[in-house]
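Listed below are the residues making up each chain.
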Amino acid sequence: MTVNLLGLDQEGLKAFCAGLGEKPYRARQLLRWIHQAGVDDFDLMTDMSKALRTRLQDCARITAPRVIRDSTAGDGTHKWLLDVGTGNAIETVFIPEENRGTLCISSQAGCALECSFCSTGAQGFNRNLSTEEIISQLWWANRCLGRGVSADRPISNVVMMGMGEPLANFDNVVAALELMLDDLAYGLSRRRVTVSTAGLVPGIDRLRDACPVALAVSLHASNDELRDRLVPINRKYPIKELLAACVRYLDRAPRNFIMFEYVMLGGVNDSVGHARELVSLVKDVPCKINLIPFNAFADSRYVRSAPDSIARFRDVLMQAGLLATIRKTRGDDIEAACGQLAGQVQDRTKRRQRRNVEEVAR
Ligand code: SAH
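Note that the coordinates shown come from a computational prediction; the quantities given were computed from them, not determined experimentally.

## Considerations on the pattern of salt bridges
- A complete count under the given rule lists 18 salt bridges for this structure.
- Glu 97 is paired through a salt bridge with Arg 100; the nearest N and O atoms lie 3.2 Å apart.
- Look at Glu 97 and you get partly exposed, because its relative accessible area is 34%.
- By relative accessible area, Arg 100 is classed as partly exposed at 40%.
- Residues participating in the shared-partner salt-bridge network are Glu 22, Arg 26 and Arg 55.

Here it is as structure tokens:
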């Protein structure tokens, strides 16, 4: 078996080079070729001897998952469906904006958390993605959109907001983050790389120690009773513990606030009363609140809040002195919007069967 060098961070590549009897600077050369130049052919690595290139060809490879489908939305949002084997496929989304470009990356094939309003959750769970499968999404998008690490590069920000719960795949996600931050690879600043979590408290603490980047937390509810229903992991890590972890995180975070995501579900969590409750809930946590209009998917049980309810909700937050924004829906015509990423998941949790039984019983 050859080693796929895409999944190795600088430390990993140094160890690999040492195994070949090569000096550590070879690792730096490899990093630049692979991640900055987007090269997947050792023969193009012209600052290495022919003999070394041949050795590399014999024992290593640079391979990303195959693209099954490539779609572009009317607003320029781009989505790739990538084959990760055995019937599983994941999705990556690029969202161009006026002065930045954000790549939204998946961390798992499916998701084990079962948030009731999320299409990835409804698909079930198959497995964690490897480091190479995670970083390949950036590698591939960078190659497609134009490479380079100049100021005008197309991908200026990365958000771990695709399929899966990043903190449930901790080690592989952190190794991929290290590559995103490494100046010899993608050189992104910590403030421009965001991990989004449904609220895995121990994972938040571990991330703070291992690789503090910007943190987004999917809050979605203003009290535990409601959050238990929407984000079931709340039963294990209730809001108070979650907010305490957020405050601890801020000690080492690259930005001085936590981004709370709040999906706007019509008649469920979007009243003025909920907004007031949210204000007092987060009063001790420096934060910004991002309101996400719910995006529908096949068999989703919710409806999006009316635009005036969303605006009213935001106004209550702002009047109380909180910073609140309404997320613009992007790419929904190709199902690339928040919560619509489903890829293809060979569910190992029998979730779909269970959902069907529930549906029949209702
Ligand atoms: N598991 C992580 C990463 C996923 S991020 C997390 O929960 O944060 C995807 C974001 O989109 C999360 O905030 C998620 O709650 C939100 N989301 C999920 N389903 C949605 C839907 N149908 N409409 C709008 N947002 C949704």
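## Structural notes on the nonpolar core
- With 114 residues, the main nonpolar core has Met 180, Phe 260 and Ile 289 as its most contacted residues.
- Of all the elements, helix α6 (residues 170-181) adds the most residues to this core, at 8 residues.
- Non-local contacts of Ile 289, meaning those with residues more than four positions away in its chain, are made with Met 259, Phe 260, Tyr 262, Leu 278, Val 282, Leu 317, Leu 322, Leu 323, Ala 324 and Thr 325.

## Let's talk about the sheet that holds strand β13 (residues 287-293)
- With respect to topology, 10 strands assemble into an open sheet ordered β3-β4-β5-β6-β9-β10-β11-β12-β13-β14, the strand pairing being mixed. Lying at the two open borders of the sheet, with one neighbouring strand each, are β3 (66-72) and β14 (323-326). On average, each strand axis in the sheet is tilted by 20° relative to the strand beside it, whichever way the strands run.
- Sheet strands in contact with helix α5 (residues 131-145) are β3, β4 (78-85), β5 (88-96), β6 (101-104) and β9 (157-160), and its direction is about 140° off that of β4.

## Quick look at the domain arrangement of the protein
- Domain annotation for the protein reports domain 1 (3-61) and domain 2 (66-360).
- On a C-alpha basis, the centroid separation for the pair domain 1 and domain 2 is 33 Å.
- Contacts between the two partners involve 16 residues from domain 1 and, on the opposite side, 18 residues from domain 2.
- When domain 1 packs against domain 2, the two sides together hide about 1,400 Å² of surface, and 54% of this comes from carbon and sulfur.
- Looking only at domain 1, the three residues that lose the most surface to domain 2 are Leu 6, His 35 and Gln 36, adding up to 41% of its buried area.
- One salt bridge connects Arg 143 with Asp 40, and the closest N-O pair in it is separated by 3.6 Å.
- Its residues assigned to classes, the side of domain 1 that touches domain 2 shows 6 nonpolar, 6 polar and 4 charged.

## Some words on the environment of Tyr 237
- Note that Tyr 237 resides in the loop between α8 (224-230) and α9 (239-250).
- Measuring from C-alpha to C-alpha, the distance between Tyr 237 and Val 201 comes to 6.5 Å, with 36 residues separating the pair along the chain.
- Leaving out residues up to four positions away in the same chain, Tyr 237 has contacts with Gly 199, Leu 200, Val 201, Pro 202, Arg 227 and Leu 242.

## Re empty space enclosed by the protein
- Scanning the entire structure with this criterion turns up 3 cavities of 30 Å³ or more.
- Of the volumes computed, that of the second largest cavity is approximately 40 Å³.
- Looking at the second largest cavity, the residues that line it are Cys 17, Leu 20, Glu 22, Arg 26, Leu 30, Met 48, Leu 52 and Leu 56.
- Counting residues per element, the ones that place at least two in the lining of the second largest cavity are α2 (25-36) and α3 (50-59).
- Of the residues that constitute the lining of the second largest cavity, the class distribution is 6 nonpolar, no polar and 2 charged.

## Considering the pairing of β4
- The buried fraction of β4 amounts to 6 of the 8 residues, a majority that puts the element mostly inside the structure.
- Alignment of β3 against β4, held across 6 bridges, turns out to be antiparallel. Counterpart to Arg 66 in the pairing with β4 is Asp 83.
- Relative to β5, β4 runs antiparallel, the two being bridged by 7 bridges. Each bridged residue has a counterpart across the sheet, and for Trp 80 the counterpart in β5 is Thr 92.

## What about the packing of aromatic side chains?
- Taken as a whole and assessed by the stated rule, the structure comprises 3 aromatic pairs.
- Summarising the aromatic geometry, the rings of Tyr 262 and Phe 313 are spaced 5.0 Å apart at their centres and angled 35° between planes, so their arrangement reads as tilted. You can see Tyr 262 sitting in strand β12 (residues 258-264) and its partner Phe 313 sitting in helix α11 (residues 307-319), a full 51 residues away along the chain. By the burial criterion, Tyr 262 is buried, and Phe 313 matches it.
- Note on Phe 294 and Tyr 302: the rings are 6.1 Å apart at their centroids and 75° apart in plane angle, and the pair reads as edge-to-face.
- For Tyr 302, a relative accessible area of 18% translates into the label buried.

## Re the pairing of β12
- The element β12 is extensively covered by neighbouring structure, given that 7 of its 7 residues are classed as buried.
- Neither face of β12 is exposed, since Ile 258, Phe 260, Tyr 262 and Met 264 on one face and Met 259, Glu 261 and Val 263 on the opposite face are all buried.
- The sheet contact formed by strand β11 (residues 214-218) and β12 spans 3 bridges and is parallel. Counterpart to Ser 218 in the pairing with β12 is Glu 261.

## Regarding the environment of Lys 14
- Secondary-structure assignment places Lys 14 in helix α1 (residues 10-19).
- Sequence separation between Lys 14 and Arg 227 is 213 residues, and the spatial gap between their C-alpha atoms is 45 Å.
- Discounting chain neighbours no more than four positions away, the residues touching Lys 14 are Pro 24, Ala 27 and Arg 28.

Here is what the cut-offs are and how they apply
Residues numbered from 1 in each chain as written. Predicted model: local features only at pLDDT ≥ 70, side-chain atom pairs only at ≥ 80, totals over all residues. Heavy atoms only, no water. Salt bridge = Lys/Arg side-chain N within 4 Å of Asp/Glu carboxyl O. Buried < 20%, exposed > 50% of the residue type's maximum accessible area, 1.4 Å probe, protein only. Core = buried A, V, L, I, M, F, W, Y, C linked by side-chain atoms within 4.5 Å. Helix = DSSP H or I, 4+ residues; strand = E, 2+ residues; numbered from the N terminus. Contact = heavy atoms within 4.5 Å. Pairing = 2+ DSSP bridges. Axes fitted to C-alpha atoms, helices over the stretch in contact; angles between N-to-C directions. Domains from an automatic or database assignment. Buried area = accessible area lost by both parts, 1.4 Å probe. Nonpolar A, V, L, I, M, F, W, Y, C, P; charged D, E, K, R; others polar. 1 Å grid on protein atoms, 1.4 Å probe; cavity = no way out; pocket = protein on both sides within 12 Å on 5 of 7 lines; lining within 4 Å. Points joined across faces, edges and corners; volume = space filled by probe spheres on them. Phe/Tyr/Trp six-rings, centres within 6.5 Å; stacked < 30°, edge-to-face > 60°.

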